[in-house]
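# Breakdown of the fold
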Amino acid sequence: MKRAFLTGLIGLAPLVAEVTVIQNATIMSEGAKGTFKGTIVVENGKITAVGDNVMVPSGATVIDAAGQFVIPGIIDCHSHIAVDGGVNEGSVSVSSMVNIRDVINPEDIAIYRALAGGVTSANILHGSANAIGGQTLVLKMRWGQDAEGMIFQGATPGIKFALGENPKRAGNPQGGRGAPATNARYPATRMGVEDVIREAFTEAKAYKATWDAYDAQVAKGEHPIPPRKDLKLESLKEVLEGKRFVHAHCYRADEILMLIRVADDYGFKIKTFQHVLEGYKVAKEIAAHGAGGSTFSDWWGYKAEAYDAIPYNAAVMTKKGVISSLNSDDDELMRRLNTEAAKAMKYGGLTREEALALVTINPAKQLGVDNKVGSIEVGKDADIVIYDKDPLSNYAKVQKVWIDGNKYFDRDSDVSGRPNKELEKKKLADKENAVTPARGGRGPQ
Amino acid sequence: MRKFGLLVVCAVAAFAAANDTVFIRGVDVYPVTGPEMKGVSVLVQDGKIADIGARVIAPKGVKIVDGKGLRLYPGMIDSNTQLGLSEISSERVTVDTGELGEFMPQLKALSAVNPESEHFGVVRANGITSVMTFPAAGGRGGRGGGGGQYISGQAALIHMDGWTWEDMEIKRDAAVQLLFPSIAMRGGRGGLANVDFADEIALLFGGGSAAGTYTEAKRNYETQVEKVTDFFDSARHYQKERTANLPGFKRDLKYEAMLPVLEGKVPVAVPASRERAIHDAVAFAEREHIKIVIMAPQELGKEGAELKAKNIPVILGRTEAVPENQDLPYDYAESLPGEFYKAGVKIAFGTFNNEFSRNLPYNAARAVAYGLPYDEALKAVTINAAEIWGAGDKMGSIEKGKWADLMLVNGDPLETATQIKALYIKGKEVDLSNKQTRLYQKYLARP
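Residues numbered from 1 in each chain as written. Chains lettered and ligands numbered in written order. Predicted model: local features only at pLDDT ≥ 70, side-chain atom pairs only at ≥ 80, totals over all residues. Heavy atoms only, no water.

## With respect to the sheet that holds strand β13 (residues 324–326) of chain A
Residue and element names in this part refer to chain A. As a reminder, the rule being used: Strands were regarded as paired on the criterion that DSSP finds at least two bridges between them. Secondary structure counts use DSSP, requiring at least four H or I residues in a row for a helix and at least two E residues in a row for a strand, with both numbered from the N terminus. Working convention: axes come from line fits to C-alpha atoms, limited for helices to the stretch in contact. Angles between N-to-C directions cover 0 to 180 degrees.
What the eight strands build is an open sheet, ordered β6-β7-β8-β9-β10-β11-β12-β13; its pairing is mixed. Bordering the open sheet on either side are β6 (74–79) and β13, each of which pairs with just one other strand. The sheet shows a mean angle of 25° between the axes of neighbouring strands, direction not considered.

Here's what the structure looks like:
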C-alpha cells in the first residue's frame, strides 16, 4: 500500500522543461549581482539570463513572482536521507570499501520533504561509527526519478571520516571505565582513532606507490603484471591523489587539529570538517589547511563532546576565513536550513548574504559543485526556490522548487492535491482489506 | 554580542540599592492581553509592574532605561522542559529525570534543579524567563530510568534565574506528570515529543515484532488502566481516612502528594499523542474529577469539541518536527497548532527538550506561517502558559501588579534575527551572557 501511494505522489512531481521565466521577484542571487529585483530566464535546465532588465523569450512560461523571494536551491552538506537500511558498516574501523551509491532509496519520503524545504542538493554520507567510513555521494532531490537519476553528475566523490566519541564507541562495548573489553573493536580512545587513520594511510601510500610504479612501466610501453586491486585502499589512494574529498565528522578542537596534522604528514587534504562544533577554537588552523567547516547552527549539550558548542561557530569560522556551511544531519532540520542560516545573523552578526551563503554557495564549494549550483548566475543549473516571504524569516514558506529547470515542488499543487491523495489512499486501503482480511494485528491506528 | 547593561542612563540615590526597580522610558509595550501601547513608559517597583502609560513619571533616583525604538514584551514561558534536571542528555550521570517506581507523585522536580546548569543562561538569552521543568522526559521512565512508570512526579514552574531553586520557584507542584496508558501504537522516527512513550508501549505490547495481537494489546491496556484507577481509589480512600483522622492513621507520602490532585488544585499533565489517547485520558480525568492538561498531542481528530467544552488546555510540542508517517502532509506538524486553535482549544507551546528550549519562539512562528493567528502564537508562549500552570495572576503579560518578567527587544520576538536587548525577571535585570557567549568572546579574540 505504501509503495502504491508513493507512486501516486511521484506522478505529480516533475514537469517537462521548456523555457521558464520568473519575473518581478526579489532575487538573492548569492552571486556577483547580489540581491536585486528582477527576472530569471531558464532554458534547457540552465539559467540563461538574470537581471533587472532581461528580454523575455517568446513562448516562455512566465511566472509572476511579485512580492516573492527567489534564492538558489539549498544545499545540505551533511545528510543521511535516501539511504536504504543502516548508514553504518560498523564491523571494521576502516570501511572505505563501502559506498552509499549502492544503497540509494529514491522513494524515501524525506527527499520530498527536503524539496518542500527548498533543498535541491545534498551530500549523502556514511555514518560515523568508523574512523574511516564509507564513500559518500552527492544527490539532487529529483523526486520521482530512480536511484541513478538522483545522482549529481560531476560532483567530486567523497569519503566519510569520523573522530571522537562515535568511532570509539565500539571499542567500549560496556561503556564504563575498566569494563572488560569483550567484543571490543579497536579503537577505544582518540589516540586509537588517530592511529587507525595513520595505519590506513601508511598502507594506502604503499599501495599507491605500487600502482604508480606499474603505471610508469605501462607509460614506457612495458607490459608488467598489474598489482592486485584492493577495494579498501583504492578509495584512500584517490584521497591521496586529490580525486576524492574527505568529509570528516568531528567535534573537539584537539581532534580537528590532530587530523590536520595527520593529513599534512601523509600529503592529503581535508575538504570539510563536518559538525566541527569546536571549529571556532581552531579556525585559524582550519583556514590555513584550506578546509571548509560544515556545522550545526545551535545544537549543543546532547553529548559530552558537544558541551562547548556555540551558535556563533559558523560566524566565527566565516570571519576567520573558513568557508563555512550549515548542515542538517537530520531529515527534519533539513527542511528549514534557510532559517538555520538566519541564526548566523542573530549569533555573530553575519549579513543576510553571508548567512544565506552558508546553505547555498558555500556548501556548493565544499562539494566541488560551485561551478554548477549554489548561486543564481548565467550558465548554472536552474536549481531555484521561490518563497512567499523573506527566506530568512520564520514565516516564509517554500512555494516552488526547480531542479535543472524542472519543477519538482509546488505548494499549491501539493495542498490542492491532498483530497485526491486521501481518496486514493482510502481506495488502496479498501482494496487491500478486501484481498487480505484483517489479521487481528495491530489494531486501529 | 548583545549590548546588555548599555541602556542604563543613570542609577543613583534612593533606588540605587534596589535592583528590582527600574523605569523603562519611551518603549512600545506589547502587553499580550491588550492592544499595544506605543512610546509609553513602564515603572517597575519591587519586582512588579507599578505603572504603564505615556504620562508616568520616573520617581527620583530610579534607574532609567531608554526604550526608544525598542519593544517590550512579557518574558516567554516554555511549557515543557527538563531544565535544571538534565545537563548532557546522553550522559546518564548528568540526568536526573526518569526515576524508578510506578507511582511516584511524591517526587519533586524542583528540589533537583541545579541553578548553575549552563542551560539556564543559554535559554534565557533568547527571552525565555520561566519554564515548566518535568521529572520525566515524557516517556515511561525516560532514558536510563525505570520502565513501566505511571506517575513520575511533580513538575515545577520556575524562573530562569536565582541563587537557589527556592529563589527560582514559582510553583513547585504546577502539575503531576501522569503517563496514562495508551493503546495507540506508532512506528518510525517521530521527531516529536513523546516518542519514548509510544516506543515503550510498543515494547510492552510486543510491538515491532509480530507477537502482540490487538486483543492482547487491549487486555494489557485495560490491566494498566485498572492499576492507575486502583491507585487513584487508594489515594481517595487515604484522603477520607485522613479527613476522618481515625486512630492508627499512618501518613503516606505518595497519597499525601496526590491530595492536591484529588482536590482539583493541581492538574495532571498527560502525554497523549493520538485522538483516542486524548479521549481516554480526558474520560479518566472526568471519572476522577481531576484537572488535566494534555501534552504533546500529534493529532486533533474529533477531540476539538470535547477539549473545548471541558475547557481542557493543551501543550503542543515542537512544530519543527517531521510528520510521523509518510502519508501525512509535509507541513503536518506546522499546521497542527492552527487546527487546535480553530477548534477553540486553549494552547501553549513546549519544546519537550533542553537543547532546543531557546527555539521556543521560532516553533510558535512556524505555526503562524501555517495558520495560527500571530496574536495567538504570542499568547501561547506567554499568558496561556501562565494561566494553564496556575500563575496567570502573577505573570504572562504586562499588566499592573504582575511580576516584571520582561524582554526588551528590537523587533518581533518570534523572529530569529531579532535581538534581545535586556531581560528582566521579577524586575531584576538578568545577565544575558552565558557559557556560549563567553567562549565566543574568548575565541573571537584569539590571535
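Once you've had a look at it, read on.
## Looking at the side chain of Glu-334 of chain B
Rules: Under this definition, polar contacts are N or O atom pairs within 3.5 Å; protein pairs additionally need one hydrogen-donor-capable and one acceptor-capable atom, and for neighbouring residues in sequence, both atoms have to be side-chain atoms. It only takes one pair of heavy atoms within 4.5 Å for two residues to be counted as in contact.
Looking at where Glu-334 of chain B falls in the secondary structure, it is placed in helix α8 (residues 332–342). Within polar-contact distance, the side chain of Glu-334 of chain B engages the side chain of Arg-335 of chain A at 3.2 Å. With residues near it in sequence (within four places) discarded, Glu-334 of chain B still touches Arg-335 of chain A together with Thr-319, Ala-321, Arg-366, Ala-367 and Tyr-370 of chain B.

## A few points about the pattern of salt bridges
Just so we agree on the cut-off: A side-chain nitrogen of Lys or Arg and a carboxyl oxygen of Asp or Glu constitute a salt bridge if their distance falls within 4 Å. Throughout this description, buried means an accessible area under 20% of the type-specific maximum (1.4 Å probe, protein chains only), exposed means over 50%, and partly exposed covers the range between.
Tallied over the entire structure, the rule returns 61 salt bridges over all chains. Across the pair Asp-410 of chain A and Lys-407 of chain A runs a salt bridge whose closest N-O atoms are separated by 2.8 Å. For the residue pair Asp-410 of chain A and Lys-407 of chain A, the accessibility class agrees, reading buried in each case. Through salt bridges that share partners, Asp-298, Glu-332, Arg-335, Arg-336, Glu-340 and Lys-343 of chain A together with Glu-320, Glu-334 and Arg-366 of chain B make up one connected network.

## Overview of the environment of Lys-421 of chain B
All names here are of chain B. With respect to the element layout, Lys-421 can be found in strand β16 (residues 420–425). Overall, Lys-421 belongs to the buried group, its relative accessible area being 19%. A sequence separation of 371 residues divides Lys-421 from Ala-50, and the C-alpha atoms of the two residues are 22 Å apart.

## Looking at the interface of chain A and chain B
Cut-off, in case you're wondering: Note: buried area is the sum, over both parts, of the accessible area (probe 1.4 Å) each one loses when the two are combined.
Listed by partner, the interface residues are 57 residues for chain A and 59 residues for chain B. A buried area of about 5300 Å², summed over both sides, lies between chain A and chain B, and 49% of it is on carbon and sulfur atoms. Looking only at chain A, the three residues that lose the most surface to chain B are Trp-300, Lys-346 and Tyr-395 of chain A, adding up to 16% of its buried area. Summed over the shared surface of chain A and chain B, the number is 38 residue pairs in polar contact (both at pLDDT 80 or more).

## Focus on the nonpolar core
Put simply, the rule reads: Residue types Ala, Val, Leu, Ile, Met, Phe, Trp, Tyr and Cys, when buried and joined through side-chain atoms within 4.5 Å, form a set referred to as a nonpolar core.
Residues Phe-180, Phe-232, Ile-294, Leu-307, Phe-340 and Phe-349 of chain B are the most contacted members of the largest nonpolar core, which totals 75 residues. Setting aside chain neighbours within four positions, we find Phe-340 of chain B in contact with Pro-297, Glu-299, Leu-300, Leu-307, Val-314, Leu-316, Val-345 and Ile-347 of chain B. By size, the runner-up hydrophobic cluster in this structure holds 51 residues, among which are Phe-69, Ile-71, Ile-124 and Ala-342 of chain A.

## Thoughts on the pairing of strand β1 (residues 20–28) of chain A
Residue and element names in this part refer to chain A. Most of β1 is tucked away: seven of the nine residues are buried. Pairing analysis gives four bridges linking β1 to strand β4 (residues 61–64), with the strands arranged parallel. Note on β4: the bridge partner recorded for Thr-20 is Thr-61. By the bridge criterion, seven bridges tie β1 to strand β2 (residues 35–43) in an arrangement that is antiparallel. Residue pairing across strands places Val-21 opposite Val-41, the latter belonging to β2. Taken together, β1 and the strand that follows it, β2, pair antiparallel across an intervening segment of six residues, in which Glu-30 is found at a positive phi of about 60°. Pairing geometry for β1 and strand β5 (residues 69–72), over two bridges, is parallel. Bridge pairing links Thr-26 to Phe-69 in β5.

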